[in-house]
Amino acid sequence: GQSLEQPSEVTAVEGAIVQINCTYQTSGFYGLSWYQQHDGGAPTFLSYNGLDGLEETGRFSSFLSRSDSYGYLLLQELQMKDSASYFCAVKENQGGKLIFGQGTELSVKP
Amino acid sequence: DGGITQSPKYLFRKEGQNVTLSCEQNLNHDAMYWYRQDPGQGLRLIYYSQIVNDFQKGDIAEGYSVSREKKESFPLTVTSAQKNPTAFYLCASSKDSHVELFFGSGTQLSVL
């Protein structure tokens, strides 16, 4: 079978750093993506890791360890607008579909 | 402006009725996808299409049907065989099989 595990909820304060973990078990692995979704809105793409290591895009970074079937999204200098759901997603092969995790709801408090 | 458009935003289905959700994109993307999202849940893949006139079942295709007659359009029909259709439906597209999906704003389907 295939599964992606991520925490259901995370709470942090403005200005803090938060890490959202994702572990996966899939029949194949091509890469790990992260998406952000605000309440009632459409998911938007944040980052992608195809190789081991850290990818940085502004306040957001994403990490992948293929040997551990594990990745994380790191959000720095948290802002109230970062309150949203964050999904990890695995692409099993180059031409294949994207499988999403259940999502982590991040609440940023003042 | 390029983008992906879903309509309607809200849709109500009567028992035994088929309804069709529209998805149109002008991004010149080859691949298109339909996902279903239930409250507090992740996205589950219904159908996807990588080229015109071809599509594959996702994880929860039962009770749904699609067509891909044009590159720009990928309508989803929720048939009467889908017994629990109430959900938020999201259409997405991507260039070739790239990892970055562009999503529409979604259609909320409810049963009367």
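Enquirer: Mind laying out the sheet that holds strand E3 (residues 19-25) of chain B, listing which residues take part and the relevant values?
Expert: Residue and element names in this part refer to chain B. With respect to topology, four strands assemble into an open sheet ordered E1-E3-E8-E7, the strand pairing being antiparallel. The outermost strands of the open sheet, each flanked by one partner alone, are strand E1 (4-7) and strand E7 (64-66). Averaged over neighbouring strand pairs, the angle between their axes works out to 20° when direction is ignored. When E3 meets strand E8 (residues 76-78), the two strands line up antiparallel, connected through three bridges. Looking at the pairing, leucine 21 lines up with leucine 76 of E8.

Enquirer: Give me the interface of chain A and chain B: which residues, what numbers.
Expert: Listed per partner, the contact involves 20 residues of chain A and 20 residues of chain B. Counting across the chain A and chain B interface gives one salt bridge. Only strand E4 (31-37), strand E5 (44-49), strand E9 (84-91) and strand E10 (98-100) of chain A provide two or more residues apiece to the side of chain A that touches chain B. If you tally residues by element for the side of chain A that touches chain B, the top one is E4 of chain A, at three residues. The residue inventory of the side of chain A that touches chain B, partitioned by class, reads eight nonpolar, 10 polar and two charged.

Enquirer: Got a sec to walk through the state of the cysteines? Specific residues and values, please.
Expert: All names here are of chain A. Summed over the entire model, instances satisfying the criterion amount to two disulfides over all chains. Note on cysteine connectivity: cysteine 22 is disulfide-linked to cysteine 88, with sulfurs 2.1 Å apart. Its S-S torsion of approximately 75° makes the covalent link between cysteine 22 and cysteine 88 right-handed. Separated by 66 residues along the polypeptide, cysteine 22 in strand E3 (residues 18-25) and cysteine 88 in strand E9 bring together distant segments of the chain.

Enquirer: Tell me about the sheet that holds strand E7 (residues 60-65) of chain A, and name the residues and values.
Expert: Within a beta sheet, neighbouring strands are joined by backbone hydrogen bonds and run either parallel or antiparallel to one another. Residue and element names in this part refer to chain A. Strand order in the open sheet made by the five strands is E1-E3-E8-E7-E6, with antiparallel pairing throughout. Strands at the two margins of the open sheet, each flanked by one partner only, are strand E1 (3-5) and strand E6 (53-57). Strand-to-strand, the axes of this sheet are offset by a mean angle of 15°, without reference to chain direction. Relative to E7, E6 runs antiparallel, the two sharing five bridges. Each bridged residue has a counterpart across the sheet, and for glycine 53 the counterpart in E7 is leucine 64.

Definitions and limits used
Residues numbered from 1 in each chain as written. Chains lettered and ligands numbered in written order. Predicted model: local features only at pLDDT ≥ 70, side-chain atom pairs only at ≥ 80, totals over all residues. Heavy atoms only, no water. Pairing = 2+ DSSP bridges. Helix = DSSP H or I, 4+ residues; strand = E, 2+ residues; numbered from the N terminus. Axes fitted to C-alpha atoms, helices over the stretch in contact; angles between N-to-C directions. Contact = heavy atoms within 4.5 Å. Salt bridge = Lys/Arg side-chain N within 4 Å of Asp/Glu carboxyl O. Nonpolar A, V, L, I, M, F, W, Y, C, P; charged D, E, K, R; others polar. Disulfide = S-S within 2.5 Å.

Without other data, these values stay purely geometric and don't point to any function.
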